[in-house]
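Here is what each chain is made of, one letter per residue.
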Amino acid sequence: MKIGDRLRELRSRRKLSVRAVALRSGISHSSISLIERDLISPSLDTLHAVLDALGTTLSGFFLDFQTVSPPNPFCRAADMTEIGRVDAISYRVIGSGFPNRSMLMLHETYAPGADTGEAFSHSAQEGGMVIRGAVEVTVAGRTSILEPGDGYYFDSREPHRFRNASKEQSEIVSAITPPTY
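Owing to the predicted nature of the structure, the values given are computational and were not obtained by experimental measurement. (Residues numbered from 1 in each chain as written. Predicted model: local features only at pLDDT ≥ 70, side-chain atom pairs only at ≥ 80, totals over all residues. Heavy atoms only, no water.)

**Description of the overall build of the protein**
For step 1, the next point in the chain: Looking only at helices and strands, the protein has 5 helices and 9 strands in total.
For step 2, the next point in the chain: Mapped from its N terminus to its C terminus, the protein presents α and β elements in the order α-α-α-α-α-β-β-β-β-β-β-β-β-β.
For step 3, the next point in the chain: Taken over the C-alpha atoms alone, the protein extends approximately 55 × 35 × 25 Å along its principal axes.
For step 4, the next point in the chain: Relative to its full complement of 181 residues, the protein shows a buried share of 39%.
For step 5, the next point in the chain: A separation of at least 24 residues holds for 63% of the contacts in the protein among residues at least 6 apart in sequence.
For step 6, the next point in the chain: About 10,100 Å² of surface is accessible on the protein, with carbon and sulfur atoms providing 54% of the total. (Helix = DSSP H or I, 4+ residues; strand = E, 2+ residues; numbered from the N terminus. Buried < 20%, exposed > 50% of the residue type's maximum accessible area, 1.4 Å probe, protein only. Contact = heavy atoms within 4.5 Å. Areas by Shrake-Rupley, 256 points an atom, 1.4 Å probe, with all protein chains shown as cover.)

Pasting the structure below:
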């Protein structure tokens, strides 16, 4: 299956018009139409924007091209994909082999003093629970220090940031849907 065929299939499954995807992604409807017909090849940035509008990720999109058997529902620690920095904030993806994920599950580990930096936002919702240490979470200017067993859930369009408030490593298990981060 070609990229255009796969994009058209995803869009159809989500019952979205080309114009709706264009509005969500910021890519012109004519470009999306040309991509779906495999008349042009999208840049990675363009493909990322379109996939984001369709609620999936680049890795999930391309993983589908390789999938021939149902994905394994279990994920060993050694098999989790690292998308962060082990020396600062580690983001290990739970279920990265599952195609077309509609949520991103993460095991996050924050080194002492680690901070996500300036507050940022993206189109999603996210929630999580601190399982070790203490993490300061700021959402839309509201701040709380969360400890093991404490959780959070918010609209990710609100500016937010995370900071390890402990002198030791802190850990969170989190989910983001759709997987836009």
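**Some remarks on the packing of aromatic side chains**
For step 1, the next point in the chain: Counted according to the given criterion, the structure contains 4 aromatic pairs.
For step 2, the next point in the chain: For the ring pair Phe154 and Phe162, a centre distance of 6.4 Å and an interplane angle of 40 degrees mean the geometry is tilted.
For step 3, the next point in the chain: Given a relative accessible area of 4%, Phe162 falls into the buried group.
For step 4, the next point in the chain: What links up through ring pairs into an aromatic cluster is the set Tyr110, Tyr152, Phe154 and Phe162. (Phe/Tyr/Trp six-rings, centres within 6.5 Å; stacked < 30°, edge-to-face > 60°.)

**Some remarks on the sheet that holds strand β9 (residues 170-177)**
For step 1, the next point in the chain: Read from one edge of the open sheet, 6 strands run β1-β2-β3-β9-β4-β7, paired in antiparallel fashion. For this open sheet the edge positions go to β1 (81-82) and β7 (151-155), each flanked by a neighbour on one side alone.
For step 2, the next point in the chain: Here β1 runs beside strand β2 (residues 89-94); their pairing, made up of 2 bridges, is antiparallel. Note on β2: the bridge partner recorded for Thr81 is Val93. (Pairing = 2+ DSSP bridges.)

**Concerning the domain arrangement of the protein**
For step 1, the next point in the chain: Segmenting the protein into domains produces domain 1 (3-65) and domain 2 (81-177).
For step 2, the next point in the chain: Using C-alpha coordinates to define each centre, domain 1 is positioned 28 Å away from domain 2.
For step 3, the next point in the chain: At the junction of the two partners, domain 1 supplies 10 residues and domain 2 supplies 6 residues.
For step 4, the next point in the chain: In total, about 560 Å² of surface goes out of reach between domain 1 and domain 2, with carbon and sulfur atoms giving 35% of it.
For step 5, the next point in the chain: At the boundary of domain 1 with domain 2, the tally comes to 0 salt bridges.
For step 6, the next point in the chain: Scanning the region where domain 1 abuts domain 2 turns up 0 residue pairs in polar contact (both at pLDDT 80 or more). (Domains from an automatic or database assignment. Buried area = accessible area lost by both parts, 1.4 Å probe. Salt bridge = Lys/Arg side-chain N within 4 Å of Asp/Glu carboxyl O. Polar contact = N/O pair within 3.5 Å; in protein donor to acceptor, adjacent residues only side chain to side chain.)

**Looking at the UniProt feature "domain: HTH cro/C1-type" (unreviewed entry) in the protein**
For step 1, the next point in the chain: Here, UniProt's "domain: HTH cro/C1-type" (unreviewed entry) annotation points to residues 7-61.
For step 2, the next point in the chain: In the segment residues 7-61, helix accounts for 67% and strand for 0%; the C-alpha atoms at its two ends are 9 Å apart. (UniProt positions renumbered as here; feature names shortened; annotations may be inferred.)

**Quick look at the side chain of Thr46**
For step 1, the next point in the chain: Tracing the backbone shows Thr46 in helix α4 (residues 44-53).
For step 2, the next point in the chain: A distance of 3.0 Å separates polar atoms of two side chains, one belonging to Thr46 and the other to Ser43.
For step 3, the next point in the chain: When neighbours within four sequence positions are excluded, Thr46 is seen to be in contact with Ile27 and Ile35.

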